[in-house]
Amino acid sequence: MLQHALRAVQDAGEWSAALRELTHTPEPGTRSPTIPLHHQWEYLPALTLMEAGNPPDSTPCCERHCREVQQGPPWRLQGSPHRPSGELKTFLPAVADFLVLSKIRKMLGFSHCQKHFSGAAPISAETLEFFLGLNITLYEAYGMSETSGPHVMSGPHNHRFQCCGKAVPGCQMKLENKDLDGNGEICFWGRTVFMGYLNMEDKTRDVFDKDGWLHSGDIGKIDSEGFLQVTGRIKELIITAGGENIPPILIEDAVKRHLPIVSNAVLIGDRRKFLSMLLTLKSTVDQDTLEPSDRLTSEAIQFCQQVGSKATTVSEIVAQNDRAVYTAIQEGIDKVNNEAVSNAQRVQKWTILSKDFSIAGGEMGPTMKIKRHAILDKYNKDVEAFYSPEH
């Protein structure tokens, strides 16, 4: 249930003004399309555009969107990942941008886009870096339907890599039950927060504390300047046998950052004495079945060649226990462990699975998020082998 009052806050208050400042709402006459997202994230940019005198278009299909973006005046686009923009200041990157990157952006339909925003779903560091390679910076926003959309936003003057930005003026956030690393549950407060779930009093009481703060169920960290980084979900939090709370996503992303051959990394350690990890390698996708094939991607093959391996398939590496690749992966894991803030957050054992994850395989959902419980069930033998006395 959303209050009529909070819409007034959005329409006339400093919250809406803050959004206009962050998004640099265009002057009347320029057009700014939005992709229909069927939730609160679509409403707010539309609001700022209408206040500027230019109602947003609703793009019915990718083909029409690309055609209009390429032909029209400067646009501003927001959506779920993965969408992007940025500035390269020095001379040589500027030349590369003019001669090469601008042409790539035009082919993608982004040649007239000025700024891009990402919300409604997590986005990986790998994706952010990919778009940065095209001179495209993604500005992130974070919130819930229960907060009427973004509660935290970033923008051109309010941006930090892999952070969602700062709380929008008029809104407040805090972390509850912080651990030694500063991770805690993200909580929201403000007039934009909903009143509760209609006819569901028990569920409403579960998400609000006695002081009226809304508990998100997400885990995050806030730095000294107020930038928020979402580090995971409480239900995904790993609690070791020693009682240490460990958000898995940060360690998994670090492994993928140090090892470009790795496609997916799943951290294991709930109620265990140490952490272990399941790894999959980057492989091509069968265009008919959309299943991952046995053949490595060009990036993975290049990694193999750099470490002295001639492998071109996953099976060659796994079945033959390719020493060069396994040694290189262990070196990458060691680098991740050197970054760990405590011994409990070091990965002690790992294994490479024979096939990458997929929706058809049951390891991923329709939004391409990994299904941790399904993975633990499917690869239970591999997991238990980590912790058996013989291993």
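Residues numbered from 1 in each chain as written. Predicted model: local features only at pLDDT ≥ 70, side-chain atom pairs only at ≥ 80, totals over all residues. Heavy atoms only, no water.

Student: Which parts of the structure should I look at to understand the packing of aromatic side chains?
Tutor: Aromatic rings in a pair are described by how distant their centres are and how their planes are angled relative to each other. One pass over the structure, following the stated rule, counts nine aromatic pairs. Seen in terms of ring centroids, Phe 274 and Tyr 387 are 4.6 Å apart; in terms of plane orientation they differ by 35 degrees. Their pairing is tilted. Taken as a pair, Phe 274 in the loop between β12 (262–268) and β13 (275–281) and Tyr 387 in helix α13 (residues 380–387) lie far apart in primary sequence, 113 residues in all. You can call Phe 274 partly exposed: its relative accessible area is 21%. Clustering of aromatic rings is evident, with ring pairs tying together Phe 194, Tyr 197 and Phe 208. Over the aromatic face of Tyr 197 sits the side chain of Lys 203, whose NZ or CZ is 4.7 Å from the ring centroid. (Phe/Tyr/Trp six-rings, centres within 6.5 Å; stacked < 30°, edge-to-face > 60°. Helix = DSSP H or I, 4+ residues; strand = E, 2+ residues; numbered from the N terminus. Buried < 20%, exposed > 50% of the residue type's maximum accessible area, 1.4 Å probe, protein only. Lys NZ or Arg CZ within 6 Å of the ring centre and 35° of its normal.)

Student: What am I meant to see in the pairing of β12 here?
Tutor: Walk down a regular strand and you will see the side chains alternate between the two sheet faces. Where burial is concerned, most of β12 is hidden: seven out of the seven residues are buried. In this sheet, β13 lies alongside β12 in antiparallel orientation, the contact comprising six bridges. Across the sheet, the residue bridging to Ala 265 is Leu 279, located in β13. Here β12 folds back onto β13 in antiparallel fashion, the turn holding six residues, of which Arg 271 has a positive phi close to 60 degrees. (Pairing = 2+ DSSP bridges.)

Student: It is not clear to me how the side chain of Ser 283 should be interpreted in this structure. Could you clarify?
Tutor: Relative to the helices and strands, Ser 283 is located in strand β14 (residues 283–285). At 3.2 Å, the side chain of Ser 283 forms a polar contact with the backbone oxygen of Ser 293. Setting aside residues no more than four positions away along its own chain, Ser 283 makes contact with Pro 292, Ser 293, Arg 295, Leu 296, Thr 297, Val 314 and Asp 356. (Polar contact = N/O pair within 3.5 Å; in protein donor to acceptor, adjacent residues only side chain to side chain. Contact = heavy atoms within 4.5 Å.)

Student: Quick question: what am I supposed to make of the nonpolar core here?
Tutor: Counting residues in hydrophobic clusters, the biggest one holds 31 residues, and the most contacted among them are Ile 261, Met 277, Ile 317 and Ile 329. If one sorts the elements of this core by residue count, helix α11 (residues 323–339) sits on top with six residues. For Ile 329, the residues in contact, after removing those within four places along its chain, are Leu 259, Leu 279, Leu 281, Trp 350 and Ile 352. (Core = buried A, V, L, I, M, F, W, Y, C linked by side-chain atoms within 4.5 Å.)

Student: Quick question: what am I supposed to make of the sheet that holds β12 here?
Tutor: Sheet strands pair by backbone hydrogen bonding; their relative direction is either parallel or antiparallel. Sheet architecture is open: three strands sit in the order β12-β13-β16, paired in mixed fashion. Among the strands making up the open sheet, the edge pair consists of β12 and β16 (347–352). Looking at each pair of strands side by side, their axes are set apart by 25 degrees on average, direction ignored. In the packing of helix α8 (residues 248–258) onto the sheet, the strands contacted are β12, β13 and β16, and the crossing angle to β12 comes to about 145 degrees. Strand contacts of α11: β13 and β16, with the helix running at about 145 degrees to β16, the strand carrying the most contacts. (Axes fitted to C-alpha atoms, helices over the stretch in contact; angles between N-to-C directions.)

Student: Hey, could you run me through the pairing of strand β15 (residues 292–296) in this one?
Tutor: In the sheet, β14 pairs with β15 via two bridges, with the strands oriented antiparallel. Considered in β15, the bridge of Val 285 is made with Pro 292. Hairpin remark: β14 followed by β15, antiparallel, with six residues in the connecting loop; positive phi at Leu 290, about 60 degrees.

Student: For this particular structure, what's the right way to read α13?
Tutor: Count 3.6 residues to each turn of an α-helix, and residues three or four apart come out pointing the same way. Listed as buried for α13 are Val 383, Phe 386 and Tyr 387. Down the axis, α13 shows its buried residues gathered within 90 degrees of arc, on one side only. Elements in contact with the buried residues of α13: β12, β13, β16 and α12 (372–378). (Arc of directions from axis to C-beta.)

Student: Would you explain the sheet that holds strand β9 (residues 228–233) in this entry?
Tutor: Across the sheet, which stays open at both edges, the four strands sit in the order β6-β7-β8-β9 with antiparallel pairing between neighbours. Either end of the sheet is taken by a strand with one partner, and the two such strands are β6 (172–176) and β9. Geometrically, the sheet is characterised by an average inter-axis angle of 50 degrees between neighbouring strands, direction not taken into account. When strand β8 (residues 214–222) meets β9, the two strands line up antiparallel, connected through five bridges. For Ile 219, the partnering residue across the bridge sits in β9 and is Gly 232.

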